[in-house]
Each structure stands twice: as C-alpha cells, then as structure tokens.
Amino acid sequence: MWKGNSPGCNQGAAMEGTGGELGGQGNWGLEDAPGLLARASLPIMPAWPLPLASSALTLLLGALTSLFLWYCYRLGSQDMQALGAGSRAGAVSGRPGGCSEAGRPSPRSSGESVEGPRTEGLVSRRLRAYARRYSWAGMGRVRRAAQGSPGPGGGPGVLGIQRPGLLFLPDLPSAPFVPRDAQRHDVELLESSFPAILRDFGAVSWDFSGTTPLPRGWSPPLAPGCYQLLLYQAGRCQPSNCRRCPGAYRALRGLRSFMSANTFGNAGFSILLPGARLEGRCGPTNARVRCHLGSPEDGPRVVFIVDLWHPNVAGAERQALDFVFAPDP
C-alpha cells in the first residue's frame, strides 16, 4: 500500500491493485506502474473455439477430397473423348453359320438378321456409363477394345487370325485349346455332371429326321443337319428348357466362369447330323472360351456347349463387359 497526497486534494488517496498477475488480489505502488503499463499494452489473443476449428478442418478436407476425385476422373476419362470420332460399325450378322455360333448376341429363331450393340460408339457410351457408376480401375484393355485397337500402335485390322465380329480384347493369349488347369473347377464339374446331362438329353431328344414337326424348345436348323436346344441364349435363361433339363441347369449354376449375364454367353445342346457341313468363322469376341462336352455314342454328334470367360480376362474386366453387353430386358 502506498499512501500520499494526491494533487489538488488534501485527503490521502490509496491505490490497491494486483501484485504479480494482472487481475489477481494484491497491492501495488508507483514503482510497479511501468510493469503494469507494459502488460496492458500486450495484445490479448482470444482462444480459438474448438468446434469452429473442427468445422473448418472438415470443410478443408472435404474440398481436397472432391478435388482429388475430380482429378482422378479427368485423368481416367480424357482418353475416351476421341472415341466418337474413331468409332466404326461393328454389327453382327445373324445369318446361318452353324451350331458353333449358337446364341449370337440377341439371336432370333426366325434366322433373320440380328445385331448386338450396333457400333463401337455405343460400346464406348456404355463403358463411360459404367465408369461413372463404378471406376476406371483395371479398364485399360477394355478401353482399347472400345476404341477398336488391339494394342498400342495397332489398328482395327491388325488382329492376326482372330477376327471377332464385335469385340476384340487386346493382349489375350490365343491357342487352339485352353489348358485344362486354366478352368479346372468348371471342367471337372461338367465332367462329373455328364451322366445327368446325358439323361436330360435323352428326355428332350427326337429322331432328327426332319419329317416330324420340330419339338418344343428346339430351334430351327441354323444349317442343314444342325439343331440346337439352348438353356441360356445370349445371356438369358430359357425357363422352359431349363425345367426340362434339371441336371444340366444345376451344373450351369455351379460354374464359376460361365457367361450367364452377358450376350456372349450361351449353353445348351448342339446336334450335328451325318453329312452336315459348317463353314469356318470367328465368333463375336475373343473374351470367351467355348467348352464342348461331347457324347461318345454313335449316330448324331451331340455336344453340350457352354461359353466360359477366357481365363485371362480379369474380374474387373468381366464386370465391366457384363455391364456393357448386358442382355436386353
């Protein structure tokens, strides 16, 4: 406590204040005034509200995430901008071509000309729609296939002996026969189901003489001496035929690589009568492998055909192609 006479006043004035921390209880005198003034001149920084800081950080992270996603989409889709200019017709004709071409995309029993996706431009649009819904990850070969190019620097005509009518997926190894180990599960399942499949054929078989009306479920001959009964046609189940062939249908449902949701996928019985001739041709795509399970009996050549994915087509590519070539509803 300091006491003294204040100017212009005869009474003693007392000054009380903090001694140490500003705002604390205590006494000070004139000798403490410089320190007090120095403390009063310091700016007082208010504490940053924690909820406000958290909201600002959340907004910043959201903006950065949106920018990153936009950049990834632009990076993945910039090569697709020129697809419209480079698209060319890729229609698939439905003219009779033999039982080996069973179930072409969107086939019709009348044998009239049919088509799957008409042009590569349509394939490209569906592929972009898939990428917008899912991702461009793992779509390198599919994008090149949509552009009609078999590989870097290659052109649509440089396909070697493979000339599929609709889709050529680049860099897939080709061989007259796919090794058994590549599709071991499906091959062994079909072989073990052979007795049931053979019984189903006996239930739907007929004399194939051509003098009797065509039985229910059998398609008109694609070529002289060639008949088919399909359980799956262009990726669509044929319910009446599947009910008549329960053993074969059960085997198909157990396959891992059956193209059951794709217009390239077919399964069923194919019959060749003695003397039938089939012209050589390429299928609609090299992304599939056609499995033949033959009957050793004499007489008409009976084959149970199943379209499987090529073993070198990755899972992401299969999913994208199932989307692009989904069967018509």
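Structural data are supplied above this passage.
Now for a look at the structure at hand. As the structure is a prediction and not an experimental result, all values here were calculated from the model.

Looking now at helix α9 (residues 246–253). When we look at burial in α9, the residues that qualify are Gly247, Ala248, Ala251 and Leu252. All buried residues of α9 lie within an arc of 135° about the axis, which places them on one face of the element. For α9, the exposed residues lying more than 90 degrees away from the buried face are Arg250 and Arg253. Residues of α9 that are buried in the fold lie against α6 (184–192), α7 (194–204), β4 (226–233), β6 (267–272) and β8 (301–309).

Next up on the list: the nonpolar core. Judged by nonpolar contacts, the single largest core of 27 residues is most densely connected at Trp218, Leu252, Phe269, Phe304 and Val306. Put simply, the parts of the chain that give this core at least two residues each are α7, β4, α9, β6, β7 (288–294) and β8. Excluding its chain neighbours within four sequence positions, the residues that come into contact with Trp218 are Phe201, Val204, Trp206, Phe208, Tyr227, Gln228, Leu229, Phe269 and Ile271. Counting 22 residues, the second-largest nonpolar core is a separate cluster that includes Tyr130, Ala145, Trp309 and Phe325.

This next bit is on the packing of aromatic side chains. All told, the structure shown has 12 aromatic pairs when counted by the stated rule. Between Phe264 and Phe325, the ring centres sit 4.7 Å apart and the planes meet at 40°, which makes this aromatic pair tilted. Of the two residues, Phe264 is situated in the loop between α9 and β6 and Phe325 in the segment after α10 (315–324); the sequence distance between them amounts to 61 residues. For the pair Phe264 and Phe325, one class covers both residues: buried. An aromatic cluster of three or more residues is present, and its members are Phe201, Trp206, Phe208, Trp218, Tyr227, Phe269 and Phe304. In this structure, Arg143 is placed above the aromatic ring of Trp136, and the distance from its NZ or CZ to the ring centre is 5.0 Å.

Analysis parameters
Residues numbered from 1 in each chain as written. Predicted model: local features only at pLDDT ≥ 70, side-chain atom pairs only at ≥ 80, totals over all residues. Heavy atoms only, no water. Buried < 20%, exposed > 50% of the residue type's maximum accessible area, 1.4 Å probe, protein only. Helix = DSSP H or I, 4+ residues; strand = E, 2+ residues; numbered from the N terminus. Arc of directions from axis to C-beta. Contact = heavy atoms within 4.5 Å. Core = buried A, V, L, I, M, F, W, Y, C linked by side-chain atoms within 4.5 Å. Phe/Tyr/Trp six-rings, centres within 6.5 Å; stacked < 30°, edge-to-face > 60°. Lys NZ or Arg CZ within 6 Å of the ring centre and 35° of its normal.

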